[in-house]
Amino acid sequence: MRKYYLDVLRLLAIFLVIILHIFLIYSTLPYYIKQGNNDFLTYVIILSLVWLMPLLFTIAGITSFYSLRKRSIGEYLKERVQRLLIPFIAAMFLLNPILSFYGLKFHENIQINYLEFYPLFFKVTDLTGYDGGLTLGPAWFILFLFIVSCLAVPIILLLRKYKIDLSNKDFSIFTIILLGIIPVILYPILSSGEGKSIGMSFAFFLLGYYVLSNDNVMMKLEKNKWLLGILTLLLTVVFLVGAIYFGSIFGPISFYYQAFYGWVCILLLLTIGKIFLNKTSNILQYLSESSFTIYIFHESILVAVAFYIIQITSNIYIQMILIFILTVSLSIGFYALCQRFKLTRFIFGIK
């Protein structure tokens with residue numbers, strides 16, 4: 001039976017990514033376009049990012065488990081190239097330059113047209129793109145997911161060789177929770193120092209593949225939903241107190257803390273999803289199928305739209321609403337358009 005709640009959670013996560021990117025414009029954090037310095041939005045972004053992208057890596061691990069029930073390793077790797085590597089390359093050449101173009105125009109106020117700017121995009125600076133240089137933009141997630149998917153294959157083959165099957169293992173609830181130590185341990189491996197880590201992403205992917213694909217584990221989580229809720233609340237309070245009042249002490253260990261905290265949040269979110277979101281409809285199915293393409297397109301559209309919207313109206317709430325509506329509608333529109341042509345389906349990984 002298809003686990004529809006995974007599709008719904010993935011879709012909701014991507015819509016939240018869009019909202020958080022809008023919040024970045026008005027937060028104290030740096031971004032391509034800036035319009036304000038709101039501390040509250042900054043904490044909303046930081047709290048959400050603790051679990052948001054790790055959730056997507058975890059769901060990818062779960063869905064890969066079911067994918068490899070129907071596909072050979074060779075077919076799986078071919079699909080990863082088609083669905084991840086090729087769209088990543090397309091995003092780097094076709095979409096991410098838009099981010100840097102508007103970042104340069106906003107921060108440096110340079111009057112330059114897009115064709116004049118395009119060759120400048122491939123200059124490597126700090127990879128933020130705020131100065132017009134190369135940026136990964138949202139494509140970092142696609143690249144990381146491709147890497148961890150490929151890295152997982154030797155482990156999957158090794159466990160298959162020795163006939164080690166975790167798909168029906170009956171973990172205790174405390175063991176499941178303590179497995180969150182694995183992302184903490186692997187966080188330093190190929191880490192950007194800003195919360196992005198291939199090691200941590202790999203851990204969440206494998207935990208999704210080997211643990212959260214296990215129906216016994218999901219039943220155990222559902223039985224202990226209140227424990228997960230209380231633990232998540234306590235970890236949230238500790239995180240906020242540490243970040244706000246003990247920044248000098250908490251700062252150096254915050255990303256390690258977030259790795260474990262994110263795992264507990266994911267356990268709770270998957271449990272809530274299983275209980276309340278395991279349903280589908282034609283609209284949900286269409287949006288679920290388009291969610292990956294929406295993710296690829298959204299930030300370039302969002303930044304371009306925001307650049308002009310903030311010049312049209314000074315009302316922040318109207319700005320936010322317009323940016324969100326235009327970003328979502330244009331992203332879905334581009335998906336519908338790209339879906340019609342074989343070439344665009346290929347380069348953006350559309351089935």
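Residues numbered from 1 in each chain as written. Predicted model: local features only at pLDDT ≥ 70, side-chain atom pairs only at ≥ 80, totals over all residues. Heavy atoms only, no water.

Per an unreviewed UniProt entry, the protein goes by Acyltransferase family protein and derives from Methanobrevibacter arboriphilus.

In this section: the nonpolar core. L212, L221, L270, I323 and F348 are the most contacted members of the largest nonpolar core, which totals 118 residues. When neighbours within four sequence positions are excluded, L212 is seen to be in contact with T58, I62, L207, V217, M218, L221, W263, I266, L267 and L270. (Core = buried A, V, L, I, M, F, W, Y, C linked by side-chain atoms within 4.5 Å. Buried < 20%, exposed > 50% of the residue type's maximum accessible area, 1.4 Å probe, protein only. Contact = heavy atoms within 4.5 Å.)

All right, on to a nonpolar patch on the surface then. Where nonpolar side chains cluster on the molecular surface, the patch consists of L233, V237, V241, I244, Y245, F246 and I249 and spans about 730 Å² of accessible area. Counting residues per element, the nonpolar patch draws most heavily on helix α11 (residues 225–245), which supplies five residues. Position of I249 among the secondary structure elements: in helix α12 (residues 247–250). (Patch = residues over 30% accessible without salt bridge, like charges linked within 9 Å, V, L, I, M, F, W, Y side chains within 5 Å. Areas by Shrake-Rupley, 256 points an atom, 1.4 Å probe, with all protein chains shown as cover. Salt bridge = Lys/Arg side-chain N within 4 Å of Asp/Glu carboxyl O. Helix = DSSP H or I, 4+ residues; strand = E, 2+ residues; numbered from the N terminus.)

This paragraph deals with the UniProt feature "domain: Acyltransferase" (unreviewed entry) in the protein. Sites flagged by UniProt as "domain: Acyltransferase" (unreviewed entry) map to residues 4–334. As annotated, residues 4–334 has a helix share of 75% and a strand share of 0%, and its two end C-alpha atoms lie 25 Å apart. (UniProt positions renumbered as here; feature names shortened; annotations may be inferred.)

Right, let's talk about the pattern of salt bridges for a bit. For the structure on display, the rule yields six salt bridges. Of the charged contacts, one joins E222 and K274 as a salt bridge, the two residues approaching to 2.9 Å between their closest N and O atoms. In this pair, E222 sits in helix α10 (residues 215–223) while K274 sits in helix α13 (residues 254–276), placing the two residues 52 residues apart along the sequence. Judged by relative accessible area, which is 28%, K274 ranks as partly exposed.

A few words on the packing of aromatic side chains. According to the stated counting rule, one finds 32 aromatic pairs in the structure shown. Taking 5.1 Å as the distance between ring centres and 50 degrees as the angle between the ring planes, the aromatic pair formed by Y102 and F307 counts as tilted. Within this pair, whereas Y102 is found in helix α4 (residues 73–108), its partner F307 is found in helix α14 (residues 282–312), the two being separated by 205 residues in sequence. Each member of the pair Y102 and F307 is classed as buried. Judged by centre distance (6.3 Å) and plane angle (80 degrees), the ring pair of W140 and F141 falls under edge-to-face. Per residue, the accessibility class of W140 equals that of F141, and both read buried. Following the ring pairs from residue to residue traces out a cluster consisting of F93, F101, Y102, Y114, F117, Y118, F121, F122, F307 and Y308. Its guanidinium or amino end placed over the ring of F292, R83 lies 5.3 Å from that ring's centre, counting from NZ or CZ. One Lys or Arg, K169, reaches over the ring of F171 and ends 5.8 Å from the middle of that ring. (Phe/Tyr/Trp six-rings, centres within 6.5 Å; stacked < 30°, edge-to-face > 60°. Lys NZ or Arg CZ within 6 Å of the ring centre and 35° of its normal.)

Right, let's talk about the side chain of R80 for a bit. Along the chain, the position of R80 falls in helix α4. At 3.4 Å, the side chain of R80 and the side chain of E79 are in polar contact. (Polar contact = N/O pair within 3.5 Å; in protein donor to acceptor, adjacent residues only side chain to side chain.)

Attention now goes to helix α9 (residues 198–210). Here α9 is 13 residues long and its end C-alpha atoms lie 18 Å apart, about the 18 Å a rise of 1.5 Å per residue gives. Its side-chain oxygen placed 3.2 Å from the backbone nitrogen of G199, S197 serves as the N-cap of α9. (Expected span 1.5 Å × (residues − 1).)

All right, on to the environment of D215 then. The residue D215 is located in helix α10 in this model. Taking the C-alpha atoms as reference points, D215 and L47, 168 residues apart in sequence, are found 29 Å from one another. Setting aside anything within four residues of it in sequence, one finds D215 in contact with K3, Y66 and S167.

The next point concerns the layout of surface pockets. Estimates place the volume of the largest pocket at around 1,400 Å³. Considering the residues around the largest pocket, the lining is formed by 44 residues, among which L49, W140, E194, G195 and K196 are closest to the centre. Where the lining of the largest pocket is concerned, the elements lending two or more residues are α1 (4–26), α2 (39–49), α3 (52–70), α6 (139–161), α9, α12, α13 and α14. Class assignment for the residues of the lining of the largest pocket results in 28 nonpolar, twelve polar and four charged. Around the second largest pocket, the lining is made up of 45 residues, and of these R2, D7, R10, T63 and K351 lie nearest the centre. Contributions of two or more residues to the lining of the second largest pocket are made by α1, α3, α4, α6 and α14. Broken down by element, the lining of the second largest pocket gets its largest block of residues, ten residues, from α3. (1 Å grid on protein atoms, 1.4 Å probe; cavity = no way out; pocket = protein on both sides within 12 Å on 5 of 7 lines; lining within 4 Å. Points joined across faces, edges and corners; volume = space filled by probe spheres on them. Nonpolar A, V, L, I, M, F, W, Y, C, P; charged D, E, K, R; others polar.)

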